[in-house]
Amino acid sequence: MTLSKLPDASGSLDTLFQTGSDGRLDRMPTGIPGLDHLLDGGLVRGNSLLVEGSPGSGKSTLATQILYEGVEQYGEPGLIITFEEFPKQLYADAMQFGMDLKRLERDDKLRIVWTPP
């Protein structure tokens with residue numbers, strides 16, 4: 001799926017939290033070994049997640065890897081909205097871990113938006 005083909009987000013709360021035939025909440029795998037096991041299969045679709053920690057603790061790296069793996073392994077589109085780091089810095093940081101964010105943007109699978117707070 002590309003960003004230009006995202007589904008309409010105007011649905012009711014009932015459609016935000018989809019359940020499978022077994023009644024379990026639909027989950028989005030993170031693609032990070034071990035983390036999906038701890039999260040019972042991944043992050044709950046339609047749910048918000050707050051990651052808290054001191055500067056340099058890996059919050060941005062974790063979020064970037066989840067988005068990157070979502071695109072690469074599962075065909076999920078991604079969006080990064082940044083207030084402090086410029087996209088150039090995000091590209092460089094991600095590339096240190098082998099994640100080519102520029103390529104995903106060129107392929108219309110990821111969008112990085114910088115805006116002042």
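Coordinates for the structure precede this section.
Below is a summary of the structure that appears in this document.

How each quantity is defined
Residues numbered from 1 in each chain as written. Predicted model: local features only at pLDDT ≥ 70, side-chain atom pairs only at ≥ 80, totals over all residues. Heavy atoms only, no water. Buried < 20%, exposed > 50% of the residue type's maximum accessible area, 1.4 Å probe, protein only. Helix = DSSP H or I, 4+ residues; strand = E, 2+ residues; numbered from the N terminus. Arc of directions from axis to C-beta. Contact = heavy atoms within 4.5 Å. Phe/Tyr/Trp six-rings, centres within 6.5 Å; stacked < 30°, edge-to-face > 60°. Pairing = 2+ DSSP bridges.

For helix α4 (residues 87-95), the complete set of buried residues consists of P87, L90, Y91 and A94. One side of α4 holds all its buried residues, which, seen down the axis, span an arc of 100°. Contacts made by the buried residues of α4 are with α3 (59-74), β3 (78-82), α5 (101-106) and β4 (110-114).

Now for the packing of aromatic side chains. Aromatic ring pairs: the centre-centre distance and the angle between the two ring planes describe each pair. Within this structure, the stated rule accounts for one aromatic pair. Taken together, a centroid distance of 5.1 Å and an interplanar angle of 25° make the contact between F86 and W114 stacked. You can see F86 sitting in the loop between β3 and α4 and its partner W114 sitting in strand β4, a full 28 residues away along the chain. Residue F86 is classed as exposed on the basis of its relative accessible area, which comes to 52%.

Before going further, it helps to spend a moment on the pairing of β3. Burial along β3 is one-sided: the residues G78, I80 and T82 are buried and none of L79 and I81 is. By the bridge criterion, five bridges tie β3 to β4 in an arrangement that is parallel. Across the sheet, the residue bridging to T82 is W114, located in β4.

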